[in-house]
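# Commentary on secondary and tertiary structure
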Amino acid sequence: MTTIAVEVDGTGVEVPEGTSLLTAVRAAGVELPALCSDDRLSPAGSCRTCLVRADGRVAAACVTPSSPGTRIDTATEDLVQLRRDAVGVIVSALPPRALAEGSLSELAHACRSMGIGPETARGSGGRGGDDSHPYVHLDRDLCIACGRCVRMCSEVQGTFALTLVGRGADTVVAPGTGGPWAESDCVACGGCVDTCPTGAITQPGPARGITSAFPPGAARTRTTCGYCGVGCTLDVVAQDGDVATVLPARDGPVNQGHACVKGRFAHGFRTSPERLTRPLLRRGGTLEPAGWDEALGHVARGLRAAVDAGGPDAVAAISSARATNEDNYLVQKFMRVVIGTNNVDNCSRLCHSPSAAGLTASFGLSGGTDTFDDVEQADCLLVVGANPVEAHPVVGARLLRRVLHGAKLVVADPRAVGLALHADVHLRPRPGTNVALFHGLAHVLLAEDLIDAEFLRERATGLPELTGLLAGYPPERVADITGVPASDLVAAARLYGGAERPAIVYGLGVTEHLHGTDGVRSLANLAILRGAVGTDRGLGVNPLRGQNNVQGASDMGALPDLLPGYGKVTDPAVRSRVEDVWGAPPPARPGLRIPDMFAAARAGDLRALWVIGEDVRATDPDANRVAQALDACPLVVCNELFLSETARHADVVLPVASWLEKDGTFVNFDRRFQRVRPAVPPPGESRTDFDIVRALATMMGVDLGCATPAGALAECARLAPVFAGLSHDRLDREGAVPWPCRAPDQPGEAKLYLERFATPDGRAHLAAAPYLPPGEQPGDGYPLVLVTGRRWAHYNSGSMTRRGGNLALDPVDFLDLHPDDAARYGLRGGEEVSVESRHGRARLIARVSEQTAPGQVFCSFHFPASGVNRLTSDHADTVTSCPEYKVTAVRVATP
């Protein structure tokens, strides 16, 4: 970055070339009011409150660029008076409450610093407000029409939900759709609340007015969001032992001062009256409160009895993608050291296990290939099987921003939602036909010589085999299989193949299939053919992780066949290294995956199951069979925040701390380790998962070491070379650090494979896997294909988001269906419908739109009472056992 030297009030400062005078002034430590300016937004220059003199001429600092040697004056008497007059004119139209004592607004702060008192505010008000929304309230009388909220909504969030209406002094912000705010296109990211300088747009309740200034007695804690896998950096403001508000950190490496409705507002679950605060123990068929010693004693005796009756492999644990790395590390160590089994898995089994398998086979490591900061620089984005606008809103907003600035966009998604509405080419394949689609794209790349021959020759293997396979996937045949017109397929391939810096971003629409691993590998083929991975000519292949720590749970070895750092349990060298640290070797035989655990329980072979932070009864497929497994297992233990569907089947329920109440780290979707810090104490007698695992091990006579979460990560760094350079101390100093990070004095590798791939031969491996049909097909009385996924306002089983204002934003579980299908089956929008598959039945509310294609329906799984996962099948990826959530044959009717 080129810097230039300027002078501010006689003091020299260096600033980036092209920066505004306002940035230069602030770099010199001088405070100026700038009521229409936010450094996240394009400048407006409309309020004239930041006037300075640059080389003798008065200018608005926010819109005037610096140039080398510029002399900037801010403190002369006439400039101070000009700024004071500008602010005074603005204030004079506002009612006195705009400057009420204790106001935390930017305007009130500026007035106090300039000696402008409440008597200056002489407006009569009377324009009213809008309090229809649970998280965003509007006071029109305090609006100064600065436009910051409108620009935030368009430039950062990309929703374009706000506008300015009226003329002259009557201009005010309003939802662009007209009507109440709650019925607008607003997605409640909170950006308008954070940027509003006057308090016209605020969060209701105790958080009112808290943006960058905090009330007396408030404490701020920097942490990482506990919802999706983006890894937003948040500042939690706590007062009187409770969360007052959660703010996006301006310097957050991924979110850059932005957030979504979940991370920003959905913390009401923490104080829900349904929150568990004492252990529960089943007595006489009923879960009743118990003390910790009694509950843990019961668990310890049950685990010993299970081992005595069936050996160590009669015990299994499902660890948690919602828990910290340190929690997961300790759980897998407990299972391997205390119990003596590799029967430990985590929910990545149900979402991105095909990513781990496919990316490892293609490139050598299980994570995405590039940092998102680089992906954002792509000139062509291929977004496949993902709806980041809803499921990963901060990433979705950044991708949309890139598209609006000129990047080409190809979206492959059966539904017309999110980024697909902005795509240059939208491919809508039939669910379950991804592999054929990717082969069709690859066929065009080869046929039109849109490949990097040198890269393929020097750094890849498998081209002859793939070339032979692709001969059978011309666009016309692929169109027959997928339903995607051949012309669209060719256009998409040309956009990706002709780009200078293409990037692939994908989600669960690629992985949650019978042949999900083949899908990941076939998608990776496109980047390899283009030479767009491991080079500066492309930005690789990057999965969007669904949960906050689904990457980290696997990184920490909460897997039945892999140890921390992805060493195989069968590898003698890895086992020896682990034994050196643990003092005992891990078991040599791979353990059970989650579906195998349920099967073993139903067969009577699994006698104890510990479920940590996962509601498997609600989120796993073929939920009726999951319930049978839980009921058949003699001992089921749950660590939970609430009495979930799974906890209702448990023998012991242990109340645990949430992400706002615990210490540790998460790993986000682009492999960044980030700190998690407790902002408030857990309620009642709740404990952290980390403390529970340690206490149970002690009760069973084993000292696991790792007295603190920091100690656990330090131990993990000793036995996993890819994490050797990571520690809490380093993360506290540096913020986010990506893995691999092989030494404390080395940076993490944000971009992978620049020198060689991590495969045994150092090359990228092309895969020649033929297209095979999905496990389920419509027909036999089930004519529709159901796809399940996420909605913008909720998260997974909804246990946190349904206990707060988000429920008002998205109160029911909808079944989206095309108007043709609604007419065919006599269904109307808004009425209850019965959905039936070969496996079970659910009840949802019909919503008719053209987002879904004819013959396809879509719903989320955020409302367990609807029974959506009673519908889904036990078909699973042939390599990893990831369920086929994206293809279920169903029929619909009125109840």
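On a regular strand, each side chain points to the face opposite its neighbour's, so the side chains alternate between the two faces of the sheet. Burial along strand E3 (residues 51–54) is two-sided: the residues Leu51 and Arg53 and Val52 and Ala54 are all buried. Judged from the four bridges that link them, E3 and strand E4 (residues 57–60) form a sheet pairing that is antiparallel. By the bridge assignment for E4, Leu51 is matched with Ala60. Count of turn residues in the E3/E4 antiparallel hairpin: two residues, of which Asp55 carries a positive phi of about 50 degrees. Here E3 pairs with strand E5 (residues 71–73) via two bridges, running antiparallel. By the bridge assignment, Ala54 is partnered in E5 with Ile72.

This part is about empty space enclosed by the protein. Within the structure shown, the criterion is met by 13 cavities of 30 Å³ or more. The space that makes up the largest cavity amounts to roughly 750 Å³. Every residue lining the largest cavity is counted, 50 residues in all, and those nearest its centre are Leu508, Glu512, Gly789, Arg790 and Lys886. Going through the elements one at a time, helix H11 (388–391), helix H18 (508–511), strand E31 (784–789) and strand E35 (856–860) are the ones with two or more residues in the lining of the largest cavity. When its residues are assigned to classes, the lining of the largest cavity shows 19 nonpolar, 20 polar and 11 charged. A volume near 150 Å³ is recorded for the second largest cavity. In terms of lining, the second largest cavity is formed by 17 residues, of which the most central are Arg322, Leu641, Ala657, Ser658 and Lys662. For the lining of the second largest cavity, the class distribution of residues is seven nonpolar, six polar and four charged.

The next subject is the pattern of salt bridges. Scanning the entire structure with this criterion turns up 47 salt bridges. Note that Arg71 and Asp73 form a salt bridge whose closest N and O atoms lie 3.9 Å from each other. The partner of Glu776 in a salt bridge is Arg838, and the shortest N-O contact between them spans 3.6 Å. Placement of the pair is Glu776 in the loop between strand E30 (764–765) and E31 and Arg838 in the loop between strand E33 (832–837) and strand E34 (841–848), with a sequence separation of 62 residues. Salt bridges here are not isolated pairs; linked through shared partners, they connect Asp373, Glu376, Arg398, Arg401, Asp670 and Arg672.

This part is about the environment of Val299. Topologically, Val299 is positioned in helix H7 (residues 292–310). Taking the C-alpha atoms as reference points, Val299 and Val637, 338 residues apart in sequence, are found 7.4 Å from one another. Setting aside chain neighbours within four positions, we find Val299 in contact with Leu635, Val637, Val652 and Leu696.

What follows deals with the nonpolar core. Leu303, Phe334 and Phe363 are the most contacted members of the largest nonpolar core, which has 155 residues in total. Looking at this core, the element that brings in the most residues is helix H13 (residues 434–447), giving eight residues. Discounting residues that sit within four places of it in the chain, Phe363 has contacts with Thr369, Ala524, Ile528, Val533, Val541, Tyr753, Phe757, Ala758, Thr759 and Ala764. Residues Val15, Leu21, Leu32 and Cys192 belong to the second largest nonpolar core, which totals 59 residues.

A few words on the side chain of Thr223. Within the secondary structure, Thr223 sits in strand E11 (residues 219–224). Among the polar contacts made by the side chain of Thr223, one reaches the main-chain amide nitrogen of Arg677 at a distance of 3.0 Å. Excluding residues within four positions of it along the chain, Thr223 makes contact with Cys232, Thr233, Leu234, Val236, Trp659, Arg675, Val676 and Arg677.

Pairing in this open sheet of five strands is parallel, and the strands run E20-E19-E18-E22-E23 from one edge to the other. Each edge of the sheet is formed by a strand with only one pairing partner; in this case those strands are strand E20 (425–427) and strand E23 (541–543). Neighbour-to-neighbour, the strand axes of this sheet turn through a mean angle of 15 degrees, independent of strand direction. The pairing of strand E18 (residues 380–384) with strand E22 (residues 502–506) spans five bridges and is classified as parallel. Each residue of the ladder has a partner; that of Leu381, found in E22, is Ala503. Contacting E18, E22 and E23, helix H19 (residues 516–530) crosses the sheet at an angle of about 170 degrees to E22.

Right, let's talk about the pairing of strand E12 (residues 233–239) for a bit. In terms of burial, E12 is a largely internal element, six of the seven residues being buried. Pairing of E11 with E12, which is carried by six bridges, proceeds in the antiparallel orientation. In the strand pairing of E12, Ala219 is matched with Ala238. In this sheet, strand E13 (residues 242–248) lies alongside E12 in antiparallel orientation, the contact comprising six bridges. Directly across from Asp235, in E13, lies its bridge partner Leu247. What sits between the antiparallel neighbours E12 and E13 is a turn of two residues, in which Asp240 has the positive phi angle 55 degrees.

Position of Arg824 relative to the elements: it lies in helix H29 (residues 819–824). On the basis of relative accessible area, Arg824 is assigned to the exposed category, the value being 54%. Separated by 24 residues in the primary sequence, Arg824 and Val848 have C-alpha atoms spaced 12 Å apart.

What follows concerns the packing of aromatic side chains. Following the criterion strictly, the structure yields 12 aromatic pairs and no others. Between Tyr227 and Trp659, the aromatic rings sit 6.1 Å apart at their centres with planes inclined by 70 degrees, giving edge-to-face as the arrangement. Remark: Trp659 occurs in the loop between strand E26 (652–655) and strand E27 (664–667) and Tyr227 occurs in the loop between E11 and E12; sequence separation between them is 432 residues. Summarising the burial analysis for this pair, Tyr227 and Trp659 share the class buried. Chaining the aromatic ring pairs together yields one cluster made of Phe363, Phe455, Tyr753 and Phe757. Arg415 extends its terminal NZ or CZ atom over the ring of Phe858, reaching a point 3.5 Å from the ring centre. Sitting over the ring of Phe814, Arg847 keeps its end group 4.2 Å from the ring centre.

Moving on, we come to the environment of Pro773. One can find Pro773 in the loop between E30 and E31. Given the relative accessible area of 41%, Pro773 is considered partly exposed. For the pair Pro773 and Gln628, spaced 145 residues apart in sequence, the C-alpha separation works out to 29 Å. Residues in contact with Pro773, not counting those within four places in the same chain, are Leu514 and His515.

A few words on the sheet that holds strand E6 (residues 129–130). Within the open sheet, the three strands sit side by side as E6-E7-E10. Their pairing is antiparallel. The open sheet terminates on both sides in strands that have one partner only, identified here as E6 and strand E10 (201–202). Where strand E7 (residues 137–139) meets E10, two bridges bridge the pair, whose relative direction is antiparallel. Paired with His137 across the strands is Thr202, a residue of E10.

The next subject is the packing of H13 against helix H15 (residues 463–470). The N-to-C vectors of H13 and H15 enclose an angle of 110 degrees; their axes lie 10 Å apart at closest approach. Between H13 and H15, the interaxial angle falls into the category roughly perpendicular. Here H13 contributes His439, Ala442, His443 and Leu446 to the contact with H15, which in turn contributes Leu463, Thr467, Leu469 and Leu470. Per-class residue counts for the contact of H13 with H15 are five nonpolar, three polar and no charged.

What counts and what doesn't
- Residues numbered from 1 in each chain as written.
- Predicted model: local features only at pLDDT ≥ 70, side-chain atom pairs only at ≥ 80, totals over all residues.
- Heavy atoms only, no water.
- Buried < 20%, exposed > 50% of the residue type's maximum accessible area, 1.4 Å probe, protein only.
- Helix = DSSP H or I, 4+ residues; strand = E, 2+ residues; numbered from the N terminus.
- Pairing = 2+ DSSP bridges.
- 1 Å grid on protein atoms, 1.4 Å probe; cavity = no way out; pocket = protein on both sides within 12 Å on 5 of 7 lines; lining within 4 Å.
- Points joined across faces, edges and corners; volume = space filled by probe spheres on them.
- Nonpolar A, V, L, I, M, F, W, Y, C, P; charged D, E, K, R; others polar.
- Salt bridge = Lys/Arg side-chain N within 4 Å of Asp/Glu carboxyl O.
- Contact = heavy atoms within 4.5 Å.
- Core = buried A, V, L, I, M, F, W, Y, C linked by side-chain atoms within 4.5 Å.
- Polar contact = N/O pair within 3.5 Å; in protein donor to acceptor, adjacent residues only side chain to side chain.
- Axes fitted to C-alpha atoms, helices over the stretch in contact; angles between N-to-C directions.
- Phe/Tyr/Trp six-rings, centres within 6.5 Å; stacked < 30°, edge-to-face > 60°.
- Lys NZ or Arg CZ within 6 Å of the ring centre and 35° of its normal.
- Parallel < 35°, antiparallel > 145°, perpendicular 65-115°, else oblique.

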